[in-house]
Amino acid sequence: MLPKSEDPIKIITIERHILEEQLQFPDATGVLTQLLYDIALAGKVISSRTSRAGLAEILGRTEEVNIQGEVVQKLDRFADLTIYRLNDHTGRLAVMASEENEHPMPISNSPGKYVLLYDPLDGSSNIDYNIPIGTIFSIYRRRTESGPGTLEDCLQPGRNLVAAGYILYGSSTMLVYTTGQGVHGFTLDPSVGEFLLSHPNIRIPEPPVYFSVNLGYRMFWSEGVKRYTDHLQGLDGGMKALSLRYVGSLVADFHRNLLAGGVFYYPADFKDPKKPQGKLRLAYEAAPLAFIAEQANGYASDGVRNILDITPTSLHQRTPLFIGTRSLVEKAEAFIREYDSVRV
Ligand code: AHG
Ligand code: MN
Ligand code: MN
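Residues numbered from 1 in each chain as written. Chains lettered and ligands numbered in written order. Predicted model: local features only at pLDDT ≥ 70, side-chain atom pairs only at ≥ 80, totals over all residues. Heavy atoms only, no water.

**Q** Help me understand the coordination of the manganese ion (ligand 3), please; the structure alone is not making it clear to me.
**A** Each protein donor to the manganese ion (ligand 3) is listed here as E99 (OE), E99 (OE), D119 (OD) and L121 (O); together their distances run 2.2 to 2.8 Å. Sequence positions of the donors to the manganese ion (ligand 3) reduce to the motif E-x19-D-x1-L. The distance between the manganese ion (ligand 3) and the manganese ion (ligand 2) comes to 3.7 Å, and D119 binds to both of them. Remark: L121 occurs in strand β5 (residues 114-122) and E99 occurs in the loop between β3 (93-98) and β4 (105-106); sequence separation between them is 22 residues. Classification of E99 as buried rests on a relative accessible area of 3%. Assessed through its relative accessible area of 1%, L121 is described here as buried. (Donors = N, O, S within 2.8 Å, 3.2 Å for Na, K, Ca; no water. Helix = DSSP H or I, 4+ residues; strand = E, 2+ residues; numbered from the N terminus. Buried < 20%, exposed > 50% of the residue type's maximum accessible area, 1.4 Å probe, protein only.)

**Q** Even after reading the chapter, I still don't get the coordination of the manganese ion (ligand 2), so can you show me in this structure?
**A** Ideal geometry at a metal centre gives angles of 109.5 degrees when four donors are arranged tetrahedrally and 90 or 180 degrees when six donors are arranged octahedrally. Protein coordination at the manganese ion (ligand 2) comes from D119 (OD), D122 (OD) and E285 (OE), with a distance range of 1.9 to 2.1 Å. The sequence motif formed by the donor residues of the manganese ion (ligand 2) is D-x2-D-x162-E. Using a relative accessible area of 5% as the deciding quantity, one classes D122 as buried.

**Q** What exactly am I supposed to notice about unusual backbone geometry here?
**A** With glycine set apart, most residues show a phi of negative sign, and most peptide bonds adopt trans. Note that the residue after E206, namely P207, is joined by a cis bond; omega there is -5°. Inspection of the secondary structure assignment puts P207 in the loop between β10 (194-199) and β11 (210-212).

**Q** Is there a simple way to think about the layout of surface pockets in this case?
**A** When its volume is computed, the largest pocket comes out at roughly 570 Å³. Along the wall of the largest pocket there are 30 residues; nearest its centre are E70, G123, S124, S125 and K279. Broken down by class, the residue content of the lining of the largest pocket amounts to ten nonpolar, eight polar and twelve charged. Taken together, domain 1 (14-199) and domain 2 (210-339) each give at least three residues to the lining of the largest pocket, which thus spans both. (1 Å grid on protein atoms, 1.4 Å probe; cavity = no way out; pocket = protein on both sides within 12 Å on 5 of 7 lines; lining within 4 Å. Points joined across faces, edges and corners; volume = space filled by probe spheres on them. Nonpolar A, V, L, I, M, F, W, Y, C, P; charged D, E, K, R; others polar. Domains from an automatic or database assignment.)

This is the structure in structure tokens:
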């Protein structure tokens, strides 16, 4: 028996954690466990490339422009291909869909029962400045019976999510996920190449500390969002001012508010008539993070309704997003109800 002082710390790898979590479900086949493990593996590969981006000639732009009309960064393309190639032959998926590809990518050979939607690299504009970036993923059960998956399998409300998570390539690489049994965070130990449980049962703490928004777009916001922002800054005397933190990587800004308490929002803005619903995409940015937020006692809204209740009508559909501490998100809805006659 080891003396107490020498007990090895309880090392829980992500594989062990997912397996133990799935054992609660008698009908669990282990496929979801393997799928989550495949995503963790993709995270390790992308992390190793990201940490050497400056050296491995992986910085900078390709000559391509993606469906979003954005120039594709080399790391975007690398992350996109890594996730696709690690999942296109496993027999676990019926279809995949990525921010970087206009159409869904059906799996023809032995299609499986799950659907994977992903933003391979979130925060691309920050790649060349060594600011944290991330990967976001959503997992659904397929809706179609058999054969290669279809767009119908991809256009599901967040309420149907089986699992969701993100990988944050920051000062350390973290994987945070939920399967509806709470939110759990794992930190990559590069020396052993394993994600180890570092943040079990994450709950958004009270009171909130931060608000995260790009104040540079204030002139394009509705009256309700402007007054909400004044409220968060204590300008209307309604609350103690919060601190502003915004790095322009959704995953990093969301993660900070998840752990410290606060709200992130990217409202509808009227600067770009092509994007009246704001910049963020429902299927592979807002919905997966909304599932995580709700599982951590938070909330996510488009300013009017719960993000998880919105059924996408197109793959790259954008949505305004208010996400984090429940009371702060509900306050945003209240200001929009009171001051914005035009419904979001
Ligand atoms: P992506 O790099 O996947 O296109 O996402 C970028 C998004 C999101 O990460 C971030 O919150 C937002 O863009 C920042 O947009 P602004 O630069 O307009 O504030
Ligand atoms: Mn993104
Ligand atoms: Mn992206």
